[in-house]
Amino acid sequence: MPTVFDELLDRFHLYLAGVDSDLVADAVARIDWHMPSRPLEPRSLSCVRHLDRIAELAPADAGPLTRFVADHRDELRWGQTYTAADFGRAFIDNYGWLEVFGTRGHFVNDAVAAGLLILGPGIVYPDHHHIAEEIYIPLTGGTEWRMGEGGFRVRAAGEVIHHPSNVNHAMRTGREPLMALYVWRGGPLAQKSIIGGAGGRG
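Quick summary incoming for the structure in this document. These figures come from a predicted structure and were not determined experimentally.

### Digging into the pattern of salt bridges
All told, the structure shown has 14 salt bridges when counted by the stated rule. Between Asp26 and Arg185 there is a salt bridge whose closest N-O contact spans 3.3 Å. Taken together, the residues span a long stretch of sequence, with Asp26 in helix α2 (residues 22-30) and Arg185 in strand β11 (residues 178-185) at a distance of 159 residues. Residue Arg185 is classed as buried on the basis of its relative accessible area, which comes to 13%. With its nearest N and O atoms 2.8 Å apart, the salt bridge here joins Arg155 to Glu159. Arg155 sits in the buried class, given a relative accessible area of 12%. A relative accessible area of 25% places Glu159 in the partly exposed class. One network of salt bridges, with partners in common, ties together Asp26, Arg30, Glu133 and Arg185.

### Let's talk about helix α4 (residues 63-71)
The complete set of buried residues in α4 reads Gly63, Leu65, Thr66, Phe68, Val69 and Ala70. Buried positions along α4 lie against α1 (4-17), α3 (51-57), β1 (78-79), β2 (95-102), β4 (112-119) and β11.

### Focus: the sheet that holds strand β10 (residues 169-172)
If you trace the five strands from one edge of the open sheet to the other, you get β8-β7-β10-β5-β12, paired in antiparallel fashion. Looking at the sheet topology across the chains shown, the edges are occupied by β8 (153-155) and β12 (194-195). As paired strands, strand β5 (residues 124-129) and β12 are joined by two bridges and run antiparallel to one another. Note on β12: the bridge partner recorded for His129 is Ile194.

### Some remarks on the environment of Asp32
Position of Asp32 relative to the elements: it lies in the loop between α2 and α3. C-alpha separation for the pair Asp32 and Ala111, spaced 79 residues apart in sequence, amounts to 9.6 Å.

### Points about the packing of aromatic side chains
Note on aromatic pairs: each is described by the distance of the centres and the angle between the planes. As enumerated under the stated definition, the model contains twelve aromatic pairs in all. Measuring from ring centre to ring centre gives 6.3 Å for Tyr82 and Phe91, while their planes differ by 75°; the resulting arrangement is edge-to-face. A relative accessible area of 3% places Tyr82 in the buried class. The exposure class of Phe91 is buried, given its relative accessible area of 4%. Plain terms: the ring middles of Phe87 and Phe91 are 4.8 Å apart, the flat faces sit at 75° to each other, and that makes the pair edge-to-face. For Phe87, a relative accessible area of 22% corresponds to the partly exposed category.

About the thresholds
Residues take numbers from 1 onward in each chain, read along the sequence in its written order. Totals for whole chains, interfaces and linings use every residue, but because this is a predicted model, local features are given only for residues with pLDDT of at least 70 and side-chain atom pairs only at 80 or more, for both listing and counting. Neither water nor hydrogens contribute to the side-chain values; these are computed over all heavy atoms in the structure. The term salt bridge refers to a pairing of a side-chain nitrogen on Lys or Arg with a carboxyl oxygen on Asp or Glu at a separation within 4 Å. Runs of E in the DSSP output that reach at least two residues are strands. Runs of H or I that reach at least four are helices, and both are numbered from the N terminus. A simple rule labels every residue: compare its accessible area, found with a 1.4 Å probe on the protein chains alone, to the largest value its type can have, and call it buried under 20%, exposed over 50%, or partly exposed in between. When checking whether two residues touch, look at their non-hydrogen atoms; a contact exists if any pair is within 4.5 Å. Only strands joined by at least two bridges in the DSSP assignment are considered to pair. Planes of paired rings set the category: under 30 degrees apart is stacked, over 60 is edge-to-face and the rest tilted, where pairs are Phe, Tyr or Trp rings (Trp by its six-membered ring) whose centres lie within 6.5 Å.

The following block contains the structure:
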């Protein structure tokens, strides 16, 4: 009988498979979706309080995934890479991620990590970079994104955002929370991002 985690992976895969993007299609094709599960104890974070609003904001194609995560939030293991010492308490209380698969996720994958990021309203995720190439797909709209030396601009739900290796990027939420699907590949999958411009190309 399928578990909650099996259904999470299925909904995650189904959403990604429906994204009209050659970059995403290539990433999906390279993933072995028959991954062994990893037993993890549930862990909640303050940011999960935004999940009901996220499910309301998400477009129809992301609804099955966002609603499922909202309904099963207490069975999942939510994580944080940073602490209050990095960005302050307000950031930490409105930030977290759910790794669906990867080196720390509910399914084991040493080549690719993917999951969901939450940022609450009025939060700035400052410039940061990492070795791994990153694909983001916002599942809610209204957040401003910046990459390299460009300015912030609002990105729509479903838009594909590509951050090459070691290129700086930042996000700034407005009045609504953000949920974004992410895929990391081609670098350390559990690396703590490097804050600011040192070492980046942006």
